[in-house]
Amino acid sequence: MISSSLKYSTVIPILLYALTFSSSVSARPATFLQDFKVAWADSHIKQIDGGKAIQLILDQNSGCGFASKSKYLFGRVSMKIKLVPGDSAGTVTAFYMNSDTDNVRDELDFEFLGNRSGQPYTVQTNVYVHGKGDKEQRINLWFDPSADFHTYTILWNHHHTVFYVDAVPIRVYKNNEAKGIPFPKFQPMGVYSTLWEADDWATRGGLEKINWSRSPFYAYYKDFDIEGCAMPGPANCASNPRNWWEGANYQQLSAVEAKQYRWVRMNHMIYDYCTDKSRNPVTPPECVAGI
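Residues numbered from 1 in each chain as written. Predicted model: local features only at pLDDT ≥ 70, side-chain atom pairs only at ≥ 80, totals over all residues. Heavy atoms only, no water.

> Explain the sheet that holds strand E15 (residues 269-272) residue by residue, including any values.
Strand order in the open sheet made by the 8 strands is E1-E4-E13-E6-E7-E8-E9-E15, with antiparallel pairing throughout. On the outer flanks of this sheet lie strand E1 (36-40) and E15, each paired with one strand and no other. Taken pair by pair, the neighbouring strands of this sheet meet at an average axis angle of 15°, ignoring direction. In terms of strand pairing, strand E8 (residues 122-128) meets strand E9 (residues 137-140) through 4 bridges, oriented antiparallel. In the strand pairing of E9, Gln-124 is matched with Arg-138. In the packing of helix H3 (residues 255-267) onto the sheet, the strands contacted are E9 and E15, and the crossing angle to E15 comes to about 85°. (Pairing = 2+ DSSP bridges. Helix = DSSP H or I, 4+ residues; strand = E, 2+ residues; numbered from the N terminus. Axes fitted to C-alpha atoms, helices over the stretch in contact; angles between N-to-C directions. Contact = heavy atoms within 4.5 Å.)

Encoded structure:
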């Protein structure tokens, strides 16, 4: 559990860091149908405010999901999400990129794991490269993500992949191909999001089951922003060093971001596959390669 003194002592600097990050790039919020389509259960996805926002619904009949109309090879994707409030145990809200290439897929995951009321919301990240995943990390968020919208971002370039929460980096997967470590760089990935029931594992390893008397469960999205090389597209787009997401400011964490990153991992990380000796008696090579 996060101590209240730590939580509130960090709110102001985190907000200042977020403002610094957000002012350095130009966002392009789109309406839902500009870049996305319903992937399944269209009756459970409602457009709001002319498509500027959407509501995802989970009930005993179905969850739902949406997907980008295009796949992308490098770039940045972000959206603002307000997660399921209250007793959300057993629910999973996922926001991820996926190459959709079966057993050789590349995938970059945010998974927001529901909780019993009053408990911290946990976000799990995972990275699949050439079909190999099992790289889970979990942090407890330092705020209530169901009380308001917060921005979740995946930056993916030739140098690294960074997961951000309100412009705070919570995970870095570095391109260490020079050390023989695979990195996703050949397969375009689509952008996806789902709201679904997973009470066999989502909350306390499946000990906390979904309370259907609380359904329907709702999650909200807005400010859909994809900036990247859409595929199929110009052959030289993905390799163009002049793409802003390949620029010097995005090739490694800034000093401020590195400080934030250490703060998150020291104070809010609750699980890291890198240090799980029961699963990995030998530390995986990407874990010792640095960020």
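From this point, things continue past the structure.
> Outline unusual backbone geometry, supporting the account with residue identities and numerical values.
Cis rather than trans, the peptide bond between Ser-215 and Pro-216 has omega equal to 5°. With respect to the element layout, Pro-216 can be found in the loop between strand E13 (190-197) and strand E14 (217-231). Of note in this structure, Asp-102 is not a glycine but carries a positive phi near 55°. With respect to the helices and strands, the residue Asp-102 is situated in the loop between strand E6 (91-98) and strand E7 (107-113). Positive phi, normally seen in glycine, also occurs at Asp-223, with a value near 55°.

> Before we move on, could you go through the sheet that holds strand E5 (residues 71-82) and cite the residues and values that matter?
Strand order in the open sheet made by the 7 strands is E2-E3-E14-E5-E10-E11-E12, with antiparallel pairing throughout. Two strands lie at the open edges of the sheet, namely strand E2 (45-48) and strand E12 (168-174), each paired on one side alone. On average, each strand axis in the sheet is inclined to that of its neighbour by 20°, with strand direction left out of account. Two strands pair when backbone bridges link them, and strand E10 (residues 150-156) and strand E11 (residues 160-165) are joined in this way by 5 bridges, in the antiparallel orientation. If you follow Ile-154 over to E11, its bridge partner there is Phe-163. Sheet contacts for H3: E11 and E12; angle to E12, the most-contacted strand, approximately 95°.

> Mind laying out the state of the cysteines, listing which residues take part and the relevant values?
With the rule as written, the count across this model stands at 2 disulfides. Between Cys-229 and Cys-237 runs a disulfide, and the two sulfur atoms are separated by 2.0 Å. On the S-S bond that ties Cys-229 to Cys-237, the torsion sits near -80°, and the link is left-handed. An identical accessibility class is assigned to Cys-229 and Cys-237; each is buried. A sulfur-sulfur distance of 2.0 Å marks the disulfide that ties Cys-274 to Cys-287. An S-S torsion of about -75° defines the bridge between Cys-274 and Cys-287 as left-handed. (Disulfide = S-S within 2.5 Å. Buried < 20%, exposed > 50% of the residue type's maximum accessible area, 1.4 Å probe, protein only.)

> With reference to specific residues and values, describe H3.
The terminal C-alpha atoms of H3, which comprises 13 residues, lie 18 Å apart, in line with the 18 Å expected from a rise of 1.5 Å per residue. Taken together, the buried positions of H3 are occupied by Glu-257, Ala-258, Gln-260, Tyr-261, Trp-263 and Val-264. (Expected span 1.5 Å × (residues − 1).)

> Just give me the short version of the UniProt feature "glycosylation site" (unreviewed entry) in the chain, but keep the residues and values in it.
Following the UniProt record, the feature "glycosylation site" (unreviewed entry) maps to Asn-115 here. Examined against the element boundaries, Asn-115 turns out to sit in the loop between E7 and E8. What Asn-115 contacts, discounting residues up to four positions off in sequence, is Gly-86, Asp-87, Ser-88, Ala-89, Pro-120, Tyr-121 and Thr-203. (UniProt positions renumbered as here; feature names shortened; annotations may be inferred.)

> How would you sum up empty space enclosed by the protein? Please name residues and give values.
Under the defined criterion, the tally for this structure stands at 1 cavity of 30 Å³ or more. What the largest cavity holds in volume is close to 50 Å³. Lining the largest cavity we find Tyr-72, Phe-74, Gly-75, Arg-76, Val-77, Met-97, Ile-154, Val-191, Ile-226, Glu-227 and Gly-228. Secondary structure elements with two or more residues in the lining of the largest cavity: E5 and E14. It is E5 that contributes the most residues to the lining of the largest cavity, 5 residues altogether. Residue composition of the lining of the largest cavity, by class: 7 nonpolar, 2 polar and 2 charged. (1 Å grid on protein atoms, 1.4 Å probe; cavity = no way out; pocket = protein on both sides within 12 Å on 5 of 7 lines; lining within 4 Å. Points joined across faces, edges and corners; volume = space filled by probe spheres on them. Nonpolar A, V, L, I, M, F, W, Y, C, P; charged D, E, K, R; others polar.)

> Go over the side chain of Thr-194, please, and point to the residues and values.
Note on placement: Thr-194 falls in strand E13. A polar atom in the side chain of Thr-194 sits 3.3 Å from the side chain of Trp-196. For Thr-194, the contacting residues outside a window of four places in its chain are Trp-40, Leu-56, Cys-64, Gly-65, Val-92, Thr-93, Ala-94, Tyr-96 and Tyr-221. (Polar contact = N/O pair within 3.5 Å; in protein donor to acceptor, adjacent residues only side chain to side chain.)

> Can you lay out the side chain of Asn-175 for me, pointing to particular residues and giving the numbers?
In this fold, Asn-175 is placed in the loop between E12 and E13. Within the structure, Asn-175 has its side chain in polar contact with the backbone oxygen of His-158 (distance 2.7 Å). Setting aside chain neighbours within four positions, we find Asn-175 in contact with His-158, His-159, His-160 and Phe-183.

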